Amino acid sequence: MTGAPVPEGADAVVPVEDTTTGTFARTPAGTPRDARTGPAAGDALATPGTAEAVEVRVPRAAGDFVREAGSDVRPGDVLLPDGTVLAPHHLAAAAACGVGRVRVVARPRVAVLSTGSELVGPGETPGPGQVFDANADALGAAVRRAGGHVVLTARCGDDAERFAVVLAEAAAVADLVVTSGGVSQGAYEVVKDVLGAPGALGVQDAGQEEGEKSSPGVTFRSVAMQPGGPQGFGTVHGTPVLTFPGNPVSAQVSFAMFLRDPLERAAGLPAADRVRTAILADALTSPAGKRQLLRGVTGPGGTVRVVGGAGSHLVASMARADVLVDVPADVTQWDAGTEVEVREL
């Protein structure tokens, strides 16, 4: 049968399909075979009153249907090179070689915290002034796609004491904490209040601009891009933390620009080149002084068309996009047909 050792002295195998009978002979259980008394009753190969015989219809050469030892893997061969992203066929190869355990890069453990008293979860019933939270689901999915393991997801209101407790819990179980919301210039910026308020966890640096805050391990500042201007980074309770804006498009763009590539590297995934060029289908204008990352959808012939407006709340248009159109800060206008740089989402 397939997989059995080749009998000593044999150097080829004839498939039963190439014989007269086309099936294997079987000896009924409990009935011994005896060449002196002829075939056993019920033997599929036997004809009453005749000797057993098999007619081989197709000639075979030495080595036919014989799998030589070492024909797949030889001693010293590299089975799975370092950096291999394990898939089922890799595990099959390891198991076939008797390898029961392999050393792997652990997926980074990430906690995702979404802040804002106005937020309710999808599927819940919002009250007056409340909106559905898109960030917890979106950032959690982005983390998993980049190779991370989401160990904690929490939705927090604007209560600083409660957020500090959740933040400590997240830092204790995660390799990285990602927050959304609470980092701008509003009256209730809970992330800044906990991580950057003077007299709380730190003091404002003397050299900082007005509105910027930092603790001994966290810095808040505004970067010159839209969407996603307000940002924070550092450590909390010894754990790295990134604080993204709360508007859903801003949060997703922030992840794409600042976290996706580093997280993939930490997870051991191969480097991906997501930046390419495309031809602008329509003219566009852009405010001077800030890098614009506009949602775009690619079309035929290598073209790209901007979809939705510039507002960072327009999350539905983000769902239609497959790239971000990168408009440099010094560009105020592009004509249709301009070759532009885009970043795949």
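Preceding this section is the structure that the text describes.
Here the structure is a predicted model, which is why all the values come from computation and not from measurement.

## A few points about the overall build of the chain
Thinking step 1. Each helix and strand counted, the chain has 6 helices and 16 strands in total.
Thinking step 2. Excluding contacts between residues fewer than 6 apart, the proportion of contacts in the chain whose partners are at least 24 apart in sequence is 59%.
Thinking step 3. Counting only carbon and sulfur atoms, one obtains 54% of the accessible surface of the chain, whose full area is about 19,900 Å².

## Observations regarding unusual backbone geometry
Most peptide bonds take the trans configuration, and most residues that are not glycine carry a negative phi.
Thinking step 1. With an omega dihedral of -10 degrees, the bond running from Gln 226 to Pro 227 counts as a cis peptide bond.
Thinking step 2. Looking at where Pro 227 falls in the secondary structure, it is placed in the loop between strand 7 (225-226) and strand 8 (230-236).
Thinking step 3. Positioned with a positive phi, Phe 65 is a non-glycine residue whose angle comes to about 60 degrees.
Thinking step 4. Take Phe 65: its relative accessible area is 55%, and that puts it in the exposed class.
Thinking step 5. The backbone of His 237 sits at a positive phi, close to 50 degrees, despite the residue not being glycine.
Thinking step 6. Mapping His 237 onto the fold places it in the loop between strand 8 and strand 9 (239-244).

## Remarks on the environment of Val 253
Thinking step 1. With respect to the secondary-structure elements, Val 253 resides in helix 5 (residues 248-266).
Thinking step 2. Taking the C-alpha atoms as reference points, Val 253 and Leu 293, 40 residues apart in sequence, are found 7.8 Å from one another.

## Regarding the nonpolar core
Across soluble globular proteins, nonpolar side chains show a tendency to be buried alongside one another.
Thinking step 1. With 21 residues, the main nonpolar core has Leu 113, Phe 163, Leu 167, Val 177, Val 191 and Leu 195 as its most contacted residues.
Thinking step 2. Contributing elements (two or more residues each) for this core: strand 1 (109-115), strand 4 (149-156), helix 3 (160-173), helix 4 (190-195) and strand 6 (218-222).
Thinking step 3. Sorting elements by how many residues they give to this core places helix 3 first, with 5 residues.
Thinking step 4. Sequence-distant contacts of Val 191, that is, excluding residues within four places in its chain, are made with Thr 115, Phe 163, Thr 179, Gly 181, Gly 182, Val 183, Gly 196, Phe 220 and Thr 243.
Thinking step 5. If you look at the next biggest cluster of nonpolar residues, it comprises 14 residues, including Leu 139, Leu 176, Val 178 and Leu 263.

## Thoughts on the pairing of strand 10 (residues 275-280)
Thinking step 1. With 5 bridges connecting them, strand 10 and strand 16 (residues 339-344) associate as antiparallel partners. Its bridge partner lying in strand 16, Thr 277 is registered against Glu 341.
Thinking step 2. Relative to strand 13 (residues 303-306), strand 10 runs parallel, the two being bridged by 2 bridges. Directly across from Leu 280, in strand 13, lies its bridge partner Val 304.

Cut-offs used in this document
Residues numbered from 1 in each chain as written. Predicted model: local features only at pLDDT ≥ 70, side-chain atom pairs only at ≥ 80, totals over all residues. Heavy atoms only, no water. Helix = DSSP H or I, 4+ residues; strand = E, 2+ residues; numbered from the N terminus. Contact = heavy atoms within 4.5 Å. Areas by Shrake-Rupley, 256 points an atom, 1.4 Å probe, with all protein chains shown as cover. Buried < 20%, exposed > 50% of the residue type's maximum accessible area, 1.4 Å probe, protein only. Core = buried A, V, L, I, M, F, W, Y, C linked by side-chain atoms within 4.5 Å. Pairing = 2+ DSSP bridges.

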